[in-house]
Amino acid sequence: MTDRATGRVVAAHGRHCSVELADGTLLRCYPRGKKTDAAVGDQVEILRQGTTEGALEKILPRRNLLYRSDEARSKQFAANVDQLLIVVAVVPPFSEDLLGRALAGAWSADITPVIVLNKVDLVDGLAHARASLAPIIRLGVPVIELCAKDYDQVHERLLPLLAGKTSILLGQSAMGKSTLLNMLIPDALAATREHSVALGAGRHTTTATRLYHLPGNVGDLIDSPGFQAFGLLHLTHEEIQRGFPEFRAHIEQCRFYNCTHQHEPGCGILAALARGEIDAARHALYVRLIHAHQAHESHHG
Ligand SMILES: Nc1nc2c(ncn2[C@@H]2O[C@H](COP(=O)(O)OP(=O)(O)OP(=O)(O)O)[C@@H](O)[C@H]2O)c(=O)[nH]1
Ligand SMILES: [Mg+2]
Ligand SMILES: [Zn+2]
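Residues numbered from 1 in each chain as written. Chains lettered and ligands numbered in written order. Predicted model: local features only at pLDDT ≥ 70, side-chain atom pairs only at ≥ 80, totals over all residues. Heavy atoms only, no water.

To continue, consider the coordination of the magnesium ion (ligand 2). The protein atoms that coordinate the magnesium ion (ligand 2) are Ser178 (OG) and Thr206 (OG1), at distances spanning 2.0 to 2.2 Å. Here the residue Ser178 occupies a position in helix H4 (residues 177–184), and Thr206 occupies one in the loop between helix H5 (193–199) and strand E12 (210–213), the gap between them amounting to 28 residues. A relative accessible area of 7% means that Ser178 is categorised as buried. (Donors = N, O, S within 2.8 Å, 3.2 Å for Na, K, Ca; no water. Helix = DSSP H or I, 4+ residues; strand = E, 2+ residues; numbered from the N terminus. Buried < 20%, exposed > 50% of the residue type's maximum accessible area, 1.4 Å probe, protein only.)

Structure follows, in structure tokens:
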């Protein structure tokens, strides 16, 4: 039996991927001919081959793609997502630099970010974690505080936000992404750190990105491996600026239309920074992203 079908990529494992058809059938699919980079969440056209396999023919146009790119490599997180859930924890401490980068990645791709502050049961570190999030909260990004091991908290505080959407859990390792996923979707049986410690596995417990359906099919949730880097070398200067929505109103005050907001006279951003209306750490992150982008361009054209 050979026929054409369209489906959605629910897991990507290097060369092959799992594609789910409308009737729920899962097929293991391989790209035909030239390398195709299917991401979890992609709508694809496949050619069925038997009952369990298929050939990946074509990736249909994407609404968006969440992506990171460092000098060494680039990685697609997922395509066609509505909401980015950035998971940070009270313990271990999270990186404000990585958090800012994940936010910039989401905004530049037109994806709504929400921060999940997990492990609020570890009360000793809670005040510090909240203080680290303060500049982000001032930007208006919602922060959901919860304990991923508390069924009621997860279902009352997080589940309502997931209805009718495809959301992706992203964050550094050990923040509790898979614990959260398992609390919402017990059938997922995603491995968490307890399992990897028992198995003597490495630092990252989750090794592949995978899409799961919430019970009752009220929405979809994607689990992903923890990241330690979040380069944004693929973003243009304009896209980087979109990652800093709090700059927008002040950019209109810049004297030069091509102002880079680093040293120019009459710069609206630098003026707002001096008045304390823009957070210094956010501006410093913006400058790091611009410099990394420029260094990359001068090496690669
Ligand atoms: N105290 C406490 N521990 C938690 C909570 N949520 C998760 N943990 C623990 O944190 C550890 C890491 O959880 P995981 O769910 O494996 O973390 P992850 O973000 O999926 O990690 P990677 O797959 O490596 O990216 C595990 O030991 C969990 O039991 C929580 O709300 N409170
Ligand atoms: Mg995990
Ligand atoms: Zn400026």
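Six octahedral donors around a metal ideally make angles of 90 or 180 degrees; four tetrahedral donors ideally make 109.5 degrees. Protein ligation of the zinc ion (ligand 3) involves Cys254 (SG), Cys259 (SG), His261 (ND1) and Cys267 (SG), the donor distances falling in the range 2.1 to 2.4 Å. All donors of the zinc ion (ligand 3) come from a single chain, and their spacing in sequence reads C-x4-C-x1-H-x5-C. For the pair shown, His261 and Cys267 are each scored as buried.

Following Val91, the chain continues to Pro92 via a peptide bond in cis, the omega torsion being -5 degrees. Position of Pro92 relative to the elements: it lies in the loop between strand E8 (83–89) and helix H1 (96–108). One non-glycine residue, Asn80, lies in positive phi territory at about 55 degrees. Take Asn80: it is sitting in the loop between strand E7 (74–79) and E8.

What follows covers the domain arrangement of the protein chain. The assigned domain composition of the protein chain is domain 1 (4–59), domain 2 (65–223) and domain 3 (237–300). Of note, the centres of domain 2 and domain 3, computed from C-alpha atoms alone, are 28 Å apart. In this assembly, 13 residues from domain 2 lie in contact with 12 residues from domain 3. When the two sides are added together, the surface that domain 2 and domain 3 hide from each other amounts to roughly 1000 Å², 57% of it contributed by carbon and sulfur. A salt bridge links Asp97 to Arg288, with the nearest nitrogen and oxygen atoms 2.7 Å apart. (Domains from an automatic or database assignment. Contact = heavy atoms within 4.5 Å. Buried area = accessible area lost by both parts, 1.4 Å probe. Salt bridge = Lys/Arg side-chain N within 4 Å of Asp/Glu carboxyl O.)

Neighbouring residues of ligand 1: 24 residues in total, closest Ser173, Lys177, Thr179, Glu194 and Thr206. One nitrogen or oxygen atom from the side chain of Asn118 is found 3.0 Å from an oxygen atom belonging to ligand 1. Ala148 places a main-chain nitrogen or oxygen 2.9 Å from an oxygen atom of ligand 1. For ligand 1, whose free accessible area comes to 660 Å², the fraction covered by protein is 92%. Looking at the shell around ligand 1, the elements that each hand over two or more residues are H4 and H5. Among the elements that take part in the shell around ligand 1, H4 stands out by supplying three residues, more than any other. A breakdown of the residues in the shell around ligand 1 according to their chemical character gives six nonpolar, 11 polar and seven charged. (Near = heavy atom within 4 Å. Polar contact = N/O pair within 3.5 Å; in protein donor to acceptor, adjacent residues only side chain to side chain. Areas by Shrake-Rupley, 256 points an atom, 1.4 Å probe, with all protein chains shown as cover. Nonpolar A, V, L, I, M, F, W, Y, C, P; charged D, E, K, R; others polar.)

Judged by nonpolar contacts, the single largest core of 74 residues is most densely connected at Ile168 and Leu180. Top contributing element to this core by residue count: H1, with seven residues. Each of domain 2 (65–223) and domain 3 (237–300) contributes no fewer than three residues to this core. Cys17, Leu21, Leu27 and Ile46 belong to the second largest nonpolar core, which has 10 residues in total. (Core = buried A, V, L, I, M, F, W, Y, C linked by side-chain atoms within 4.5 Å.)

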